[in-house]
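The lines below spell out each chain.
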Amino acid sequence: MDSFIDYIENTLKDVPDEDNSLYRYKRKLFDTMTERANEVTQSGLRDEKVLSDLIISEHPDLKKDYENFYLADRAKRKAENFRKFLLVGSVCYILLLTVLYLGVSFITHNWAQTWLIMLGGITLLVDYLFTVGAKAIARLKVIFHPIARVMLAFNIMLTATFIFLCCVVIFHLPMSWIIYLTAVIFIFAADAAFLALTKRKLAIINYLLYIPGAMSMIYVILGLLDVIPWDPGWLLMILAVIIDILIVVGIIVENSKYIYKQEVEDVWDEQ
């Protein structure tokens, strides 16, 4: 196996070793070549020179392979460091939050309301962790996207719950439960943004459903708060339908332009 070592060392002798990654690559490559040589030997090939040339020929561009390995290894180490940061940072954050909660509670003696400090801090932490998790899941296969969408919706409802409790416990606002209706609108908006960023196919169907759904929530909220009367307020639903129709018409017009352009290009290519 000395030929493998000589080939690796001579090919990569001018490559700088950053973060000791070149050494890890060499060890991994040598193990791979050795394992492959053992497999070929067991199949019946005994000539060491032919065996060595065969295995080396399977790795013609070590520098390019090392670049790919370095990028993947660097991304892996960054992910591991970030996970450690999340773990240690979350523990330290909870400890500091607990100290803050107890300190404010003992100073003010307002235990009936200061527990919201703890709840708010935990809500903020969970929102952050779920957002990071949703972003990571969104990079995976499309089949995992529903999980990320559910996590975003959970974040919004959790935040809405904290705001609702603050309104009830601290400000004693009547009809604070309207916050949950507002949260539904934010869920529609967040999910629409997620579909747009991930470039999901047929996302327009969701948009056409979300617009009337969000408009109905706005109609109910404005009616409950006596901002607009219930009777003419239903025109908001008509407005939502009109917006959907305009979107559909715009898509049809845009697609027709694309189809016409494609037909012209096809005719031009034929001529």
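Residues numbered from 1 in each chain as written. Predicted model: local features only at pLDDT ≥ 70, side-chain atom pairs only at ≥ 80, totals over all residues. Heavy atoms only, no water.

Scanning the chain for helices and strands turns up ten helices and zero strands. Mapped from its N terminus to its C terminus, the chain presents α and β elements in the order α-α-α-α-α-α-α-α-α-α. On C-alpha atoms alone, the chain measures out to a radius of gyration of 30 Å, which is more than a quarter above the 18 Å that the 2.2 N^0.38 rule sets for 271 residues. Its C-alpha atoms give the chain principal-axis dimensions of roughly 90 × 80 × 35 Å. With 271 residues in all, the chain has 27% of them scored as buried. Sequence-distant contacts in the chain: of pairs separated by 6 or more residues, those separated by 24 or more amount to 62%. (Helix = DSSP H or I, 4+ residues; strand = E, 2+ residues; numbered from the N terminus. Rg over C-alpha atoms; globule rule 2.2 N^0.38 Å. Buried < 20%, exposed > 50% of the residue type's maximum accessible area, 1.4 Å probe, protein only. Contact = heavy atoms within 4.5 Å.)

Another aspect to go through is helix α7 (residues 178–197). The terminal C-alpha atoms of α7, which comprises 20 residues, lie 29 Å apart, in line with the 28 Å expected from a rise of 1.5 Å per residue. Among all positions of α7, only I178, I179, L181, A183, I185, I187, D191, A192, F194 and L195 are buried. Positioned one or two residues after α7, K199 has a phi angle of 55°, which is positive. (Expected span 1.5 Å × (residues − 1).)

Once that is clear, we can look at the pattern of salt bridges. Scanning all chains against the criterion turns up seven salt bridges. We note a salt bridge from K26 to E9, for which the minimum N-O separation is 3.1 Å. Of this pair, K26 sits in helix α2 (residues 21–42) while E9 sits in helix α1 (residues 2–11); the two residues are 17 residues apart in sequence, bridging distant segments of the chain. One salt bridge in this structure joins K64 and E67, with 4.0 Å as the shortest N-O distance. Here K64 pairs with E67, and both are found in helix α4 (residues 62–108), just three residues apart, close to one helical turn. Each of R24, D73 and R77 takes part in one network of salt bridges that share partners. (Salt bridge = Lys/Arg side-chain N within 4 Å of Asp/Glu carboxyl O.)

Another point: the packing of aromatic side chains. This model, assessed by the stated rule, comprises ten aromatic pairs. With 5.5 Å between their ring centres and 85° between their planes, Y219 and W230 make a pair best called edge-to-face. Highlighted residues: Y219 in helix α8 (residues 203–224) and W230 in helix α9 (residues 230–233), separated in sequence by eleven residues. According to the relative accessible area criterion, Y219 is buried, its value standing at 17%. (Phe/Tyr/Trp six-rings, centres within 6.5 Å; stacked < 30°, edge-to-face > 60°.)

Tracing the backbone shows T114 in helix α5 (residues 111–138). Within the local environment of T114, its side chain forms a polar contact with the side chain of S105, the two groups lying 2.7 Å apart. Here T114 is in contact with Y101, V104, S105 and T108, once residues within four sequence places are set aside. (Polar contact = N/O pair within 3.5 Å; in protein donor to acceptor, adjacent residues only side chain to side chain.)

Moving on, we get to a nonpolar patch on the surface. A contiguous nonpolar surface patch, about 490 Å² in accessible area, is contributed by W234, L235, I238, I242 and L246. Relative to the elements of secondary structure, I238 occurs in helix α10 (residues 235–270). With relative accessibility at 42%, the residue I238 sits in the partly exposed group. (Patch = residues over 30% accessible without salt bridge, like charges linked within 9 Å, V, L, I, M, F, W, Y side chains within 5 Å. Areas by Shrake-Rupley, 256 points an atom, 1.4 Å probe, with all protein chains shown as cover.)

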